[in-house]
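One letter stands for each residue in the lines below.
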Amino acid sequence: MIAEVIVDIAAYPIDKPFDYVVPKEMEDIVEPGVRVKVPFGNRKLLGFITEIKDESDLNIVKLKQIEEILDITPVLTKEMLEMADWMKNHVLCFEIDALFAMLPSALKAKYERVIRLKDRSRLVDSEAQALFEKREAIPLHDVTSMKLLSILKKYSEEGIIEVETIVKQKTSVKKERILTIQSETEISKLLSLLSPQAKKQKELMDWMIGHAGEILSAKYVLESTGVQPAVLNAVIEKGAAITSMEEVYRDPNIVDLGDHSVPFQVTEEQAKVMDALMKEKDQPATFLLHGVTGSGKTEIYLQMIQDVISRGKEAIVLVPEISLTPQMNSRFKSRFGDLVAVMHSGLSAGEKYDEWRKIQRGEVKVVVGARSAIFAPFTNLGVIILDEEHESTYKQDDTPRYHARDIAIWRSQYYSCPVILGSATPSLESYARASKGVYRLLTMKERANHHPLPAVHVVDMRDELKNGNRSMFSVDLADAVRKRLERKEQIVLFLNKRGYSSFVLCRDCGTTVQCPNCDISLTYHRASEVLRCHYCGHEEHVPTNCPECSSEHIRFFGTGTQKVEEEVSKLFPGARVLRMDVDTTRQKGAHEAILKDFGDGKADILLGTQMIAKGLDFPNITLVGVLTADTTLNLSDFRAAEKTFQLLTQVSGRAGRHDKPGEVFIQTYSPEHYAIQHAKNHSYEPFYRQEMMARKQYEYPPFYYLTLIQFSHEDLMKVSEYAGKTVEWLRQRLSDQSAVIGPTAAAISRVNNRYRYQCLIKYKKEIGLTETLQQLIKMYRTEWLKTGLYMTIDMDPSTIM
Ligand SMILES: Nc1ncnc2c1ncn2[C@@H]1O[C@H](COP(=O)(O)OP(=O)(O)OP(=O)(O)O)[C@@H](O)[C@H]1O
Ligand SMILES: [Zn+2]
Ligand SMILES: [Zn+2]
């Protein structure tokens, strides 16, 4: 018996499975989707069995043997193996990269595997009985008899045993110090021996007498009594309590934001949409649900999923970045409870693996998660939903460079179930497809409560400057804020993008302080008084003199959220502000905590970046202020206008969602720009038409396809040489239907001391492009890589910067 194995060796020039001989005794156990350890050269590698066959085309004598089996039941389904086969050509990656993308990281390396006994009474084989005699769990590694392994495989399928992966977390398992307080008599005895100077210890022991015999966490004791840890330790040492470390259950933090647990009576528009969906609930159809902000798209998702669950099927819901939308989480949990798993980047490897297992075992029916949740190992999918489908986070910018939407559509065909792409501002691509009838367009033009969309005012900041207002608040916005503060209503202040916004500038010579490794300005962090590079992590102190001209007139410039916060406290003394940005949300659960506080009315103003633009649904928000609309507009990217329009529409949509009417102020230096004007009027379609004309004229998607090839090298000459070679090579091979543009230096021309170049292929139809690029990759991996060059190919770049 021969197994085809995809091995974990990404630097290899060719992407193909290798044949291995299956040792006789393993024959009953191996099957596609199982992980194995195999010899490769003089190394041992992790691999996946993709196929079992009787014979090899190669000389059997030369074939090596599988060395070890890591799973007794497959971790990859047949569907995943097929999907990987499709992905490697679709996104130009190696099959192994596709397979790894589908699994939680816990299964990517070789972690310890443990067989756990679940039902002793059904252990019938004497060998198995002997194995588990006196033990509930044994390392899989210890089972060397293949006969025994094949018995265990059968048990595992029948649910008598279970194989678990023990994940050794870098941060170690979450443990808490637990105290068992001694009896009253014991503590009284200790008290009598205490020296009279030890007042604090006496205080603590007195408190403990009131809690004699209780089991409490050390944290609780410290918080309740206010004593220092040293005092607690001294008392424990004397014997007033016994301590132990106990593991706390890993539970992805979901804050209950008080959501409806029963379905709403649908509105007329919602009912129409539901009807259309229900008619094709068994069809692999892709729907584009275009509904204005607050139209109740989430309610559609919830009711659709309710139906899917009632038919015994499963649902995947993707959200752009779940840690940014705790409200979504909370809504799904309150409707479906324990049937929901969550998957996002904020979870530890262990938590992710726990959630993944819940899905694989069929314990949950719904997964709500970020991009990679599209690979959730469900086997009976009934619907796949992408909320905010226009978001660029659905595209992975690293190998494998897949778009979750494409994977969703592939899976929907596999299971013959619908895909719902939802957005108030669909991507141009999706809307164009819907207009052509490739997707079904469903529209909701009204808010669920029939209230109007908020009134949007565009403020020309050039006029403010002319009138001598140098503040970042226009007179009108400042007035509006004051009114809300008086009326005790809530305000969202949105600062477009943090990155470039806060840098150090010399007022005499105009120099900005640059990263020594990258071609970009350093960002100023006020809290720690340092300059930091967001590309390579370089950090330095703020200089007192300009590095170029030595002038002392060097100061930070721009509008970071911290600076806005300071200005707010000056302009609106007494206003309570919550700031939500990368700095304030570093800690786990911080997003949820900030939103909960805001929802509970503990602040008047929520100030933040991109992460507050989406998904917020709070009744008391009546004013949204966009401090700087222009940042995204000025990006040298063909999607700049689209991104600006989307962002402004989304953030405006946070205002006036419930009974109180909303108002929005957009501050800009280019008020006449069509992206801003159409956002002001909430007019998606006119924006779409105008933007489509521009795309057509400049030959960009969705009229043309793009492939971006990027190069980097420590040596500037080398990188431009290889980029040039590639362009020549491609021009010789591609038809004259395609344009190869470049080579040019990338917008950020140096990162981490590597110079960056790129070229762009624009085409409408290019048969054989994939094969040509695969040849290019082979050439790169066999020859160019050795010279220190890196090359990446993106068949559907989300940006070309
Ligand atoms: N049929 C309904 N009856 C009453 N209230 C509803 C109904 N449907 C939705 N709502 C409420 O209307 C508000 C807006 O709905 P939802 O958040 O689902 O909108 P959305 O389309 O997802 O908006 P956005 O794109 O801005 O996130 C929510 O508070 C929701 O609870
Ligand atoms: Zn200077
Ligand atoms: Zn840098």
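Here the structure is a predicted model, which means the values were calculated and not measured. Starting afresh in each chain, residues are numbered from 1 along the sequence in its written order. For this description, chains carry letters from A and ligands carry numbers from 1, given in the order in which they are written. For this predicted model, a pLDDT threshold of at least 70 governs which residues receive local features, and a threshold of 80 or more governs which side-chain atom pairs are given and counted, while totals over whole chains, interfaces and linings are taken from all residues. Excluded from the side-chain calculation are hydrogens and water; included are all heavy atoms of the structure.

**Describing the overall build of the protein chain**
Here's step 1: Numbered from the N terminus, helices here are DSSP runs of H or I no shorter than four residues, and strands are runs of E no shorter than two. Across its full length, the protein chain holds 24 helices and 33 strands.
Here's step 2: Each of the three principal axes of the protein chain carries a C-alpha extent, and together these read 90 × 90 × 65 Å.
Here's step 3: Any residue under 20% of the maximum accessible area for its type is buried, any over 50% is exposed, and the rest in between are partly exposed; the area is computed with a 1.4 Å probe on protein chains only. Taking all 801 residues of the protein chain together, the buried fraction comes to 54%.
Here's step 4: Taking as baseline every contact in the protein chain between residues at least 6 positions apart, the subset at least 24 positions apart corresponds to 74%.
Here's step 5: The protein chains shown are the only cover counted for residues, whose accessible areas, like all others here, come from Shrake-Rupley with a 1.4 Å probe. Surface exposure of the protein chain reaches about 36400 Å², of which carbon and sulfur atoms provide 50%.
Here's step 6: Positive: Lys, Arg. Negative: Asp, Glu. His and the chain ends are not part of the count. The location of each charge is read from NZ of Lys, CZ of Arg, CG of Asp or CD of Glu. Charge-centre separation for the protein chain: the mean point of 104 positive side chains lies 1 Å from the mean point of 110 negative side chains. Note on contacts: a residue pair is in contact if any heavy atoms of the two residues lie within 4.5 Å.

**Quick notes on the nonpolar core**
Here's step 1: Remark: nonpolar core denotes a set of buried residues (Ala, Val, Leu, Ile, Met, Phe, Trp, Tyr, Cys) joined through side-chain atoms within 4.5 Å. By size, the foremost hydrophobic cluster in this structure holds 92 residues, and its most contacted members are Val367, Ile374, Phe375 and Leu606.
Here's step 2: If you tally residues by element for this core, the top one is helix H13 (residues 404–415), at six residues.
Here's step 3: In contact with phenylalanine 375, other than residues within four places in its own chain, are Met80, Met83, Met87, Ala101, Met102, Tyr402, Ile407 and Arg411.

**A few points about the sheet that holds strand S23 (residues 530–532)**
Here's step 1: Strand order in the open sheet formed by three strands is S22-S23-S24, with antiparallel pairing between adjacent strands. With partners counted over all chains shown, the strands left at the sheet margins are strand S22 (523–525) and strand S24 (539–541), one partner each. Strand-to-strand, the axes of this sheet are offset by a mean angle of 30°, without reference to chain direction.
Here's step 2: When DSSP locates at least two bridges between a pair of strands, those strands are taken to pair. Direction of pairing for S22 relative to S23: antiparallel, over a ladder of three bridges. Paired with threonine 523 across the bridge in S23 is arginine 532. Orientation is described by lines fitted to C-alpha atoms, with helices fitted over the stretch in contact, and by angles between N-to-C directions that extend from 0 to 180 degrees.

**What about the domain arrangement of the protein chain?**
Here's step 1: For the protein chain, the assigned domains are domain 1 (2–108), domain 2 (111–169), domain 3 (175–247), domain 4 (268–444), domain 5 (455–497 + 560–695) and domain 6 (705–794).
Here's step 2: Reported domain spans reflect what an automatic or database domain assignment gives. Here the C-alpha centroids of domain 1 and domain 4 sit 30 Å apart.
Here's step 3: Counting from both sides, the interface comprises 22 residues of domain 1 and, opposite them, 18 residues of domain 4.
Here's step 4: Here the quantity called buried area is the total loss of accessible area, with a 1.4 Å probe, experienced by two parts when brought into contact, counted for both. At the boundary of domain 1 with domain 4, total buried surface from both sides reaches about 1700 Å², with 73% on carbon and sulfur atoms.
Here's step 5: The salt bridge criterion pairs a side-chain nitrogen of Lys or Arg with a carboxyl oxygen of Asp or Glu, the two atoms within 4 Å. Connecting domain 1 to domain 4 are one salt bridge.

**A short note on unusual backbone geometry**
Here's step 1: In this structure, proline 400 follows threonine 399 across a cis peptide bond, with omega equal to -10°.
Here's step 2: The residue after proline 701, namely proline 702, is reached through a cis peptide bond having omega 5°.
Here's step 3: Tracing the backbone through its elements, the reader meets proline 702 in the loop between helix H22 (684–697) and strand S30 (705–713).
Here's step 4: The backbone phi angle of leucine 92 is positive, close to 55°, even though this residue is not glycine.
Here's step 5: Inspection of the secondary structure puts leucine 92 in the loop between helix H1 (78–90) and helix H2 (95–101).
Here's step 6: In this model, glutamate 388 sits at a positive phi of 50°, which is unusual for a non-glycine residue.
Here's step 7: Tracing the chain through its elements places glutamate 388 in the loop between strand S16 (381–387) and H13.

**Focus: the pattern of salt bridges**
Here's step 1: For the structure on display, the rule yields 48 salt bridges.
Here's step 2: Of the charged contacts, one joins aspartate 119 and arginine 122 as a salt bridge, the two residues approaching to 3.3 Å between their closest N and O atoms.

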